[in-house]
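Okay, here's what each chain looks like letter by letter:
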Amino acid sequence: ASLRYSGLTQINRDNVKSLQLKWIYAPKYLDIMQATPLVVDGVFYIVKNNEVVAMDAATGRKFWTFYHTIPPESKAYVMVAKGLAISGDTLIWPTYEGHLIAIDAKTGISIWDRTLFDWHKGFQLNMAPIIVGDKIILGIDNNERGVDCWVGAYDIHTGKELWRFNTVAQPGEPGHETWGGDSWKLGGDPI
């Protein structure tokens, strides 16, 4: 996982020239798109700004669209969804303004929605999550605003935080003394 490489051999140097366009997906918003789609059991899942779409990978026929309302005032910085993760029939979507959402991959209905932080403080979710067993691993980004970040694990069934590792040692944690003055408050970024 996360190696940007596939061991699949159906497409190779000899037959790649025979590939043909079968369908096109035109998202509602035509700005930046940085998420890698997920394709699982013939279903193509893509996240774009404030929506997740599930389509038939062979035909492009849309199965469902899940919308998340994003506060308009939070768009002070670029709103770019970085990706989804899937475990069984549960899609996991970290929205850039701090929600961690579980979506039923078959129906497109929210299973749970947790707010991980207050985006007003300069935090954002700017990476695709990683699933390890029944845990969602996710790093919080600071959007270049100089806030302290962390990497956390969240329960895949509830979204409850299971543990958190601060990327800069907080007062009372080993290594805190290595940060001069109040520099620890300006943080370290996990991504």
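Residues numbered from 1 in each chain as written. Predicted model: local features only at pLDDT ≥ 70, side-chain atom pairs only at ≥ 80, totals over all residues. Heavy atoms only, no water.

Enquirer: Quick question: what am I supposed to make of the overall build of the protein chain here?
Expert: Scanning the protein chain from terminus to terminus reveals 0 helices and 12 strands. Per-residue burial for the protein chain yields a buried fraction of 42% across its 191 residues. At a minimum sequence separation of 6, the contacts of the protein chain that also span at least 24 residues come to 40%. Working note: accessible area of the protein chain is about 11200 Å², and carbon and sulfur atoms make up 55% of it. (Helix = DSSP H or I, 4+ residues; strand = E, 2+ residues; numbered from the N terminus. Buried < 20%, exposed > 50% of the residue type's maximum accessible area, 1.4 Å probe, protein only. Contact = heavy atoms within 4.5 Å. Areas by Shrake-Rupley, 256 points an atom, 1.4 Å probe, with all protein chains shown as cover.)

Enquirer: Quick question: what am I supposed to make of unusual backbone geometry here?
Expert: Look at Asp 41: it is not a glycine, yet its phi comes out positive at around 50°. Within the secondary structure, Asp 41 sits in the loop between strand 1 (38-40) and strand 2 (43-48).

Enquirer: So what exactly am I meant to see when it comes to the pairing of strand 11 (residues 150-155) here?
Expert: Moving residue by residue along a regular strand, the side chains alternate between the two faces of the sheet. Strand 11 sits mainly inside the fold: 5 of its 6 residues count as buried. With 5 bridges joining them, strand 11 and strand 12 (residues 161-166) adopt antiparallel strand pairing. In the strand pairing of strand 12, Gly 152 is matched with Arg 164. In this structure, the hairpin formed by strand 11 and strand 12 is closed by a connection of 5 residues, where Gly 159 is found at a positive phi of approximately 85°. (Pairing = 2+ DSSP bridges.)

Enquirer: In this structure, what is going on with the sheet that holds strand 6 (residues 90-94)? I would like to understand it.
Expert: In sheet architecture, strand pairing relies on hydrogen bonds along the backbone and comes in two forms, parallel and antiparallel. Within the open sheet, the 4 strands sit side by side as 5-6-7-8. Their pairing is antiparallel. Two strands close off the open sheet at either side, each with one partner strand: strand 5 (85-87) and strand 8 (110-115). Going across the sheet, the axis of each strand differs from the next one's by a mean of 20°, ignoring polarity. Relative to strand 6, strand 5 runs antiparallel, the two sharing 3 bridges. Bridge assignment links Ala 85 to a residue of strand 6, and that residue is Ile 92. (Axes fitted to C-alpha atoms, helices over the stretch in contact; angles between N-to-C directions.)

Enquirer: Sorry if this is basic, but what is going on with the sheet that holds strand 12 here?
Expert: The sheet built from 4 strands is open, its strands ordered 9-10-11-12 with antiparallel pairing. Every other strand in the sheet has two partners, leaving strand 9 (130-132) and strand 12 as the edge strands with one partner each. For this sheet, the mean angle separating the axes of adjacent strands, direction not counted, is 20°. Where strand 10 (residues 135-139) meets strand 11, 5 bridges bridge the pair, whose relative direction is antiparallel. Along strand 11, the bridge assignment pairs Ile 136 with Tyr 154.

Enquirer: What is the right way to read the pattern of salt bridges from this model?
Expert: One side chain can pair with another of opposite charge once the charged atoms of both are near each other. Counted under the stated rule, the structure contains 3 salt bridges. A salt bridge links Asp 89 to Lys 106; the shortest N-O distance between them is 3.9 Å. Of this pair, Asp 89 sits in the loop between strand 5 and strand 6 while Lys 106 sits in the loop between strand 7 (99-104) and strand 8, and the two are 17 residues apart along the sequence. (Salt bridge = Lys/Arg side-chain N within 4 Å of Asp/Glu carboxyl O.)

Enquirer: What am I meant to see in a nonpolar patch on the surface here?
Expert: Side chains of Ile 11, Val 16 and Leu 19 sit close together on the surface and give an oily, nonpolar patch of about 280 Å² of accessible area. Its location among the elements puts Leu 19 in the segment before strand 1. (Patch = residues over 30% accessible without salt bridge, like charges linked within 9 Å, V, L, I, M, F, W, Y side chains within 5 Å.)

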